[in-house]
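Chains, contacts and geometry: an overview
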Amino acid sequence: MERFLNDYIERVRPVFDRIPATTAHVIASAFFGFKFELFPKTIRECTTALSQVPDDEGSEAVKKALTIIRSYAEALDNAQVRPDHVVPFTEAEHAYLAVNLPPDRIEDPDTLELDNALILIYVVAMTASPDDEEALDEHRKYILKMLDNYKRALGIP
């Protein structure tokens, strides 16, 4: 899955490396907040990042990812397993996601949306926030494990 992740990063790098480093740092902070279950921090950072992501190619996908993560953080902070409703990525936003599966191969659509959201913000932060690159690289295995859950559905041997 290492190669899969590297290919994905290179595919979306030209789109997301234009995000300002300060915004990408907030996005990295949202990623870390969620990963370490600091849900109030995640909610704050997602809200801040949503107001800072510039309107550009791929920005709607990043904003949707932040919205999905924020909704999960709010639910988890309120002792719910998941939000009442997850707004899915649109067809147009799927071009910027790591895991795109045909509907008959999706076992849990909500989990796929969250995983894609986390992978996307990880890659955006990795691409556009040089100050966070080393810290993010230390959590690469977290992303690789997430991707590994989709290995068979993606048809990767």
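Parameters at a glance
Residues numbered from 1 in each chain as written. Predicted model: local features only at pLDDT ≥ 70, side-chain atom pairs only at ≥ 80, totals over all residues. Heavy atoms only, no water. Axes fitted to C-alpha atoms, helices over the stretch in contact; angles between N-to-C directions. Helix = DSSP H or I, 4+ residues; strand = E, 2+ residues; numbered from the N terminus. Parallel < 35°, antiparallel > 145°, perpendicular 65-115°, else oblique. Left-handed = near helix turned anticlockwise from the far one by under 90°. Contact = heavy atoms within 4.5 Å. Nonpolar A, V, L, I, M, F, W, Y, C, P; charged D, E, K, R; others polar. 1 Å grid on protein atoms, 1.4 Å probe; cavity = no way out; pocket = protein on both sides within 12 Å on 5 of 7 lines; lining within 4 Å. Points joined across faces, edges and corners; volume = space filled by probe spheres on them. Expected span 1.5 Å × (residues − 1). Buried < 20%, exposed > 50% of the residue type's maximum accessible area, 1.4 Å probe, protein only. Salt bridge = Lys/Arg side-chain N within 4 Å of Asp/Glu carboxyl O.

Topic: the packing of helix 4 (residues 59–77) against helix 5 (residues 109–128)
- Where helix 4 contacts helix 5, the two axes come as close as 9 Å, and the packing angle between them is 120°. Relative to helix 5, the element helix 4 is oriented oblique. In this structure, helix 4 crosses over helix 5, and the sense of that crossing is left-handed. Residues Ala61, Val62, Ala65, Leu66, Ile68, Ile69 and Tyr72 of helix 4 pack against Asp110, Thr111, Glu113, Leu114, Ala117, Leu118, Leu120, Ile121 and Val124 of helix 5.
- Of the residues contributing to the contact of helix 4 with helix 5, the split by class is 13 nonpolar, 1 polar and 2 charged.

Quick look at the layout of surface pockets
- Size it by volume and the largest pocket reaches roughly 250 Å³.
- Arg105, Glu107, Asn149, Tyr150 and Ala153 are the residues nearest the centre of the largest pocket, which is lined by 13 residues in total.
- Counting only elements with at least two residues in the lining of the largest pocket, the list comes to helix 5 and helix 8 (151–154).
- For the lining of the largest pocket, the residue count by class is 5 nonpolar, 2 polar and 6 charged.

Some words on the packing of helix 2 (residues 21–35) against helix 3 (residues 39–52)
- Contact geometry for helix 2 and helix 3: axes closest at 8 Å, N-to-C directions at 155°. One finds that helix 2 runs roughly antiparallel with respect to helix 3. Helix 2 and helix 3 meet at a crossing whose hand is left-handed. Judged by residue contacts, Thr22, Thr23, Val26, Ile27, Ser29, Ala30, Gly33 and Phe34 of helix 2 engage Phe39, Lys41, Thr42, Glu45, Cys46, Thr48, Ala49 and Gln52 from helix 3.
- Here the residues of the contact of helix 2 with helix 3 sort into 7 nonpolar, 7 polar and 2 charged.

A short note on helix 5
- In this model helix 5 runs 28 Å from its N-terminal to its C-terminal C-alpha over 20 residues, within 8% of the 28 Å that 1.5 Å per residue would give.
- When you tally the buried positions in helix 5, you get 17 out of 20 residues, the bulk of the element.

Remarks on empty space enclosed by the protein
- A full pass over the atoms with the stated rule returns 1 cavity of 30 Å³ or more.
- The space that makes up the largest cavity amounts to roughly 60 Å³.
- Around the largest cavity, the lining residues are Val15, Phe16, Arg18, Ile19, Val53, Pro54, Asp56, Glu57, Gly58, Ser59 and Val62.
- Split by residue class, the lining of the largest cavity holds 6 nonpolar, 2 polar and 3 charged.

Side note on the side chain of histidine 94
- Counting through the fold element by element, histidine 94 comes out in the loop between helix 4 and helix 5.
- Ignoring any residue separated from it by four or fewer positions in sequence, one finds histidine 94 in contact with Phe89 and Asn100.

Notes on the pattern of salt bridges
- Scanning the model with the defined rule gives 11 salt bridges in all.
- Across the pair glutamate 93 and lysine 64 runs a salt bridge whose closest N-O atoms are separated by 3.0 Å. In this pair, glutamate 93 is assigned in the loop between helix 4 and helix 5 and lysine 64 in helix 4, connecting sequence segments 29 residues apart. Each member of the pair, glutamate 93 as well as lysine 64, is classed as buried.
- When salt bridges with common partners are traced through the structure, they connect Glu2, Asp137 and Arg140 into a single cluster.

The values are spatial; any link to function lies outside them.
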